[in-house]
Amino acid sequence: AVNSHWFQATMEPSPIFTAFVITVAIEGLGDKYGEEARLERDSWTILKNKKYLGDKAPPHSIQKRASFGIKPVISDSSKCTSKPVKSEKRTPQFKIEKNKKMNPTEIKAEVFLPGVFNLRQIELSLGEDRIQLETRTGNFYLDIFLPININISSAVAWFNNVSSVLHIKSSID
């Protein structure tokens, strides 16, 4: 992808410079990938406002990943400032910690769920690098990817009814 303002200001006024830049780019790709690239060095097309060539877009999947951030767990439910998401679901406040910075062996997560009074109101799904949580009341939804793989068979979760905090603990693969 090329910045459209730069392209309009630099490339469009000079077809010779445009041919030079594209030839250098094609040669660089050819040197890097060899015959794998299968590049047409003589016939190339500049796509304007299109992300593909042809009638049908190529299949692709883009996965949105939540940022791995540490959000503080708040004990007073009146201070909860989660942002509302579509259909009234909010992302709960959470905190994720490793037991050591170097070569961690365990990960702990705490999720603050105000208004949830029972473990049965929570649907929790753990993947090797993912935590997905939804409350049956429909108030909260959390889907985060972890930068490490966890051992699902050693994962344990418990809920504190008094503080409305879900605790998740697992060893790291």
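Above this text you will find the structure in question.
Conventions adopted
- Residues numbered from 1 in each chain as written.
- Predicted model: local features only at pLDDT ≥ 70, side-chain atom pairs only at ≥ 80, totals over all residues.
- Heavy atoms only, no water.
- Buried < 20%, exposed > 50% of the residue type's maximum accessible area, 1.4 Å probe, protein only.
- Helix = DSSP H or I, 4+ residues; strand = E, 2+ residues; numbered from the N terminus.
- Pairing = 2+ DSSP bridges.
- Core = buried A, V, L, I, M, F, W, Y, C linked by side-chain atoms within 4.5 Å.

This part covers the pairing of strand E4 (residues 130–135). By the alternation rule, side chains of E4 split into Ile-131, Leu-133 and Thr-135, which are all buried, and Arg-130, Gln-132 and Glu-134, of which none is buried. Bridge analysis of strand E3 (residues 122–127) against E4 gives six bridges, and the strand direction is antiparallel. In the sheet register, Ser-125 faces E4, and the bridge partner there is Gln-132. Counting the residues that bridge the hairpin from E3 to E4 gives two residues. As paired elements, E4 and strand E5 (residues 141–145) share five bridges and run antiparallel to each other. Across the sheet, residue Ile-131 finds its bridge partner in E5, namely Ile-144. In this antiparallel pair of consecutive strands, E4 and E5, the connection spans five residues, and Gly-138 shows a positive phi of 85°.

Formed by 20 residues in total, the largest nonpolar core has its most connected members in Ile-96, Ile-107, Leu-113, Ile-122, Ile-144, Leu-146 and Leu-166. Those elements giving two or more residues to this core turn out to be strand E1 (93–98), strand E2 (106–112), E4, E5 and strand E7 (165–171). A per-element tally of this core places E2 first, with three residues.

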